[in-house]
Amino acid sequence: MAESNHFDVIVIGSGPGGEGAAMGLTKAGLNVAIVEKETSVGGGCTHWGTIPSKSLRHAVSRIIEFNSNPLFCHNNTSLHSTFSNILSHAKSVIDKQTRLRQSFYDRNQCSLIFGTARFTDKHTIAVTQLDGTEELYSADQFVIATGSRPYQPKDVDFMHDRIYDSDSILSLSHDPRHIIIYGAGVIGCEYASIFRGLGVKTDLINTRDRLLSFLDNEVSDALSYHFWNSGVVIRNDETYEKIEGTDQGVIIHLESGKKMRADCLLFANGRAGNTDKLNLSAAGLNADSRGQLNVDSNYQTDVAHIYAVGDVIGYPSLASAAYDQGRFVAQAIEKGQADSHLIEDIPTGIYTIPEISSVGKTEQELTTAKIPYEVGRSSFKHLARAQIAGKDIGSLKILFHRETKEILGIHCFGERAAEIIHIGQAIMEQKGEANTIDYFVNTTFNYPTMAEAYRVAALNGLNRLF
Ligand SMILES: Cc1cc2nc3c(=O)[nH]c(=O)nc-3n(C[C@H](O)[C@H](O)[C@H](O)COP(=O)(O)OP(=O)(O)OC[C@H]3O[C@@H](n4cnc5c(N)ncnc54)[C@H](O)[C@@H]3O)c2cc1C
């Protein structure tokens, strides 16, 4: 093998996990290559996951805002758009993100190899390029950051032109009047908001008994209410028996005996780790039944010189966490041990309409653990900034220990929740006595702001103490 085909580290996959690792390793002075099976960098995050879904959601929420604001909406005219129209906005953001991410590799002189990687032995990979040619590369160490893909059960015909998963929905070219979304996890709920916001009749089939059951019950109830109020039909506790593609659309037969028909179906129920093409056995590795790899606290797999980060190792399966894991694995490879680790309370950002964000414990968790907590609430409708912006749907809830006043959890529902949560998170993460709810009543907030919700909620909670 040519000397130029040997690297200190080869990273497989250029999503946030791979990018974080490759950047950390090149900055540490190592000779690094990154392998990507698609024709551009950025990973599932940029091309099929986070970035497109958030761009679509943004476009839809602006349309809703326009149509509900009397300043813009005259003579009963309203703005109407279709999924294919708003896809062009998503595509322009994807292009900008791809160019930006490509520039990181160029600037840091990280070698980019396009093609699909598979191990041929513990220190060698074969990369199959688009034209079918194959080249061998070797490295002292590897980082597997190949991400995940939508789970596709064998009895669902994803080749049918009206049955989509969360990747293929981005090539939807007709304009459905009615969609069934199977799976009411984060991705299913976000797409339900997008389609309903475009005026598409939306049925959301949930295999569980409530929406997003990991959330605080009040927040999950609020989402169910707002979905119901906007016309999304939620069917809880249902499982499909058969999904039938027809000439006009799709019919889903549920185990409960119900049947539903729509123009198309988005199957968004679970994800699988991308390990099937890696020929892991040649490297002495095995993935579990969900295609995921097992790692230790340094992201080291069972084979000492092979590491893994991001969705391919499972929880929390977030772009935010994958990027951090990439940076930490670079430290582990450079120094033998990572300097930092993922924080315990990873915030949740859910870009439904309205938006949801949480950090820390839920009321259910605190009650089960018998922790004496109190609740402080603030309703957006009472905040001047929310009234000015016409965004009065929403609330902020702070859970705190009734004796120590330590902040235990923050749950936000409404416009910009994913941004608002970070104010509380910054205080919650403080050590010693600095992480109490008192901070919010002792500080001065800009006025009018959404951040003021913290002061209102803190006063509300402290007033409950006796
Ligand atoms: C619809 C949707 C919405 C989401 N929204 C959010 C959100 O709002 N916030 C958030 O934090 N997370 C979100 N996520 C999750 C987020 O996208 C993932 O957690 C993140 O992309 C994982 O990063 P990764 O680096 O592990 O993998 P990926 O981003 O999936 O990248 C993996 C890369 O590896 C490449 N690859 C795979 N196999 C090979 C091989 N054999 N050889 C070479 N290359 C290979 C792939 O082509 C891909 O480019 C969302 C996901 C989806 C699907």
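Residues numbered from 1 in each chain as written. Predicted model: local features only at pLDDT ≥ 70, side-chain atom pairs only at ≥ 80, totals over all residues. Heavy atoms only, no water.

### Remarks on the pairing of strand 19 (residues 356–360)
The side chains of a regular strand alternate, residue by residue, between the two faces of the sheet. Just so we agree on the cut-off: For each residue, the accessible area found with a 1.4 Å probe, counting protein chains only, is set against the maximum for its type, and the residue is called buried under 20%, exposed over 50%, and partly exposed in between. Helix and strand assignments follow DSSP, with helices taken as H or I runs no shorter than four residues and strands as E runs no shorter than two, numbered in order from the N terminus. Two strands qualify as a pair provided DSSP detects at least 2 bridges between them.
With four of five residues buried, strand 19 lies mostly within the body of the structure. Here strand 18 (residues 348–350) folds back onto strand 19 in antiparallel fashion, the turn holding five residues. In this sheet, strand 22 (residues 407–414) lies alongside strand 19 in antiparallel orientation, the contact comprising five bridges. The residue of strand 22 that forms the bridge with Gly360 is Gly409.

### Some words on the environment of Ser230
Selection rule: Two N or O atoms form a polar contact when they lie within 3.5 Å of each other; inside protein one atom must be a possible hydrogen donor and the other a possible acceptor, and for residues adjacent in sequence the pair counts only when both atoms belong to side chains.
With respect to the helices and strands, Ser230 occurs in helix 6 (residues 217–230). Classification of Ser230 as partly exposed rests on a relative accessible area of 36%. Separated by 3.1 Å, the side chain of Ser230 and the backbone oxygen of Phe227 make a polar contact.

### Comments concerning the pattern of salt bridges
Short version of the rule: Any carboxyl oxygen of Asp or Glu within 4 Å of a side-chain nitrogen of Lys or Arg constitutes a salt bridge here.
All chains considered together, the criterion is met by 22 salt bridges. Linking Glu238 and Lys258 is a salt bridge whose minimum nitrogen-to-oxygen distance equals 2.3 Å. Pair noted here: Glu238 is in the loop between strand 11 (233–235) and strand 12 (240–245) and Lys258 is in the loop between strand 13 (250–254) and strand 14 (259–262), with a separation of 20 residues, a long-range link. Relative accessible area serves as the criterion here: at 5%, Glu238 is assigned to the buried category.

### Some remarks on the nonpolar core
To keep things clear, this is the line we draw: Here the nonpolar core consists of buried residues drawn from Ala, Val, Leu, Ile, Met, Phe, Trp, Tyr and Cys, with membership extended through side-chain atoms lying within 4.5 Å. Whether two residues are in contact is decided by their heavy atoms: any pair within 4.5 Å suffices.
Among the nonpolar cores identified, the biggest contains 47 residues, and Ile10, Val11, Phe119, Ile125, Val143 and Ile144 are the most heavily contacted of them. Contacts of Val11, omitting those with residues within four sequence positions, involve Gly18, Ala21, Ala22, Leu25, Val32, Ala33, Ile34, Val35 and Val143. In terms of nonpolar packing, the next biggest core, distinct from the first, is built from 36 residues, Leu56, Ile179, Leu212 and Ile350 among them.

### Some details on the site of the ligand
The criterion, for reference: Proximity is defined per residue: if any heavy atom of the residue lies within 4 Å of a molecule or strand, that residue is considered near it. Residue burial considers only the protein chains on display, and all accessible areas are found by Shrake-Rupley using a 1.4 Å probe. Throughout, the ten residues Ala, Val, Leu, Ile, Met, Phe, Trp, Tyr, Cys and Pro are labelled nonpolar, Asp, Glu, Lys and Arg are labelled charged, and all others, Gly among them, are labelled polar.
Close to the ligand lie 35 residues; Gly17, Glu36, Lys54, Asp311 and Ala319 are nearest. One of the backbone N or O atoms of Gly17 is found 2.9 Å from an oxygen atom in the ligand. At 3.1 Å from an oxygen atom of the ligand is found a main-chain nitrogen or oxygen belonging to Cys45. A total of 1000 Å² of accessible area belongs to the ligand in isolation, and the protein chains cover 93% of it. Tallied by class, the residues present in the shell around the ligand amount to twelve nonpolar, 17 polar and six charged.

### Points about the sheet that holds strand 14
Heads up, the rule is: Structural elements are reduced to axes, namely lines fitted to C-alpha atoms, with helices fitted over the stretch in contact, and the angle between N-to-C directions of any two is expressed from 0 to 180 degrees.
Pairing is antiparallel in the open sheet, where three strands are placed in the order 12-13-14. Looking at the sheet topology across the chains shown, the edges are occupied by strand 12 and strand 14. Neighbour to neighbour, the strand axes of the sheet diverge by 15 degrees on average, direction disregarded. Across four bridges, the pairing between strand 13 and strand 14 is antiparallel. Note on strand 14: the bridge partner recorded for Ile251 is Arg261.

### Focus on the environment of Ala451
By the element assignment, Ala451 lies in the loop between helix 11 (438–442) and helix 12 (453–462). With relative accessibility at 17%, the residue Ala451 sits in the buried group. The spacing of Ala451 and Gly424 is 27 residues in sequence and 9.2 Å in space, taken between C-alpha atoms. Setting aside its immediate chain neighbours within four residues, Ala451 contacts Ile423 and Phe445.

### Description of the environment of Leu266
Here Leu266 is to be found in strand 15 (residues 264–267). The exposure class of Leu266 is buried, given its relative accessible area of 0%. Along the backbone, Leu266 and Val41 are 225 residues apart, and their C-alpha atoms lie at a distance of 26 Å. Once you skip the residues sitting within four places of it in the chain, Leu266 turns out to touch Tyr164, Asp165, Ser166, Ile169, Ile179, Ile180, Ile181, Tyr182 and Tyr191.

### A closer look at the packing of aromatic side chains
The cut-off we apply is this: For this analysis, a ring pair means two rings from Phe, Tyr or Trp (six-membered ring only for Trp) whose centres lie within 6.5 Å, classed as stacked if their planes differ by under 30 degrees, edge-to-face if by over 60, and tilted for the remaining angles.
The tally for this structure, following the rule as stated, stands at ten aromatic pairs. Aromatic side chains Phe83 and Phe195 sit 4.8 Å apart centroid to centroid with 15 degrees between the ring planes, which places their arrangement in the stacked category. Of this pair, Phe83 sits in helix 4 (residues 83–107) while Phe195 sits in helix 5 (residues 186–197), placing them 112 residues apart in sequence. Phe195 carries the same exposure label as Phe83, and that label is buried. Centroid distance Tyr191 to Phe195: 6.3 Å. Interplanar angle 35 degrees. Geometry classified as tilted. With Tyr191 and Phe195 both in helix 5, this residue pair falls four residues apart, about one helical turn. Residue class for Tyr191 comes out buried when judged on its relative accessible area of 2%. One aromatic cluster is present, built from ring pairs that chain together Phe158, Tyr182, Tyr240 and Phe267.

It is worth stressing that arrangement in space is one thing and function is another; only the former is reported here.
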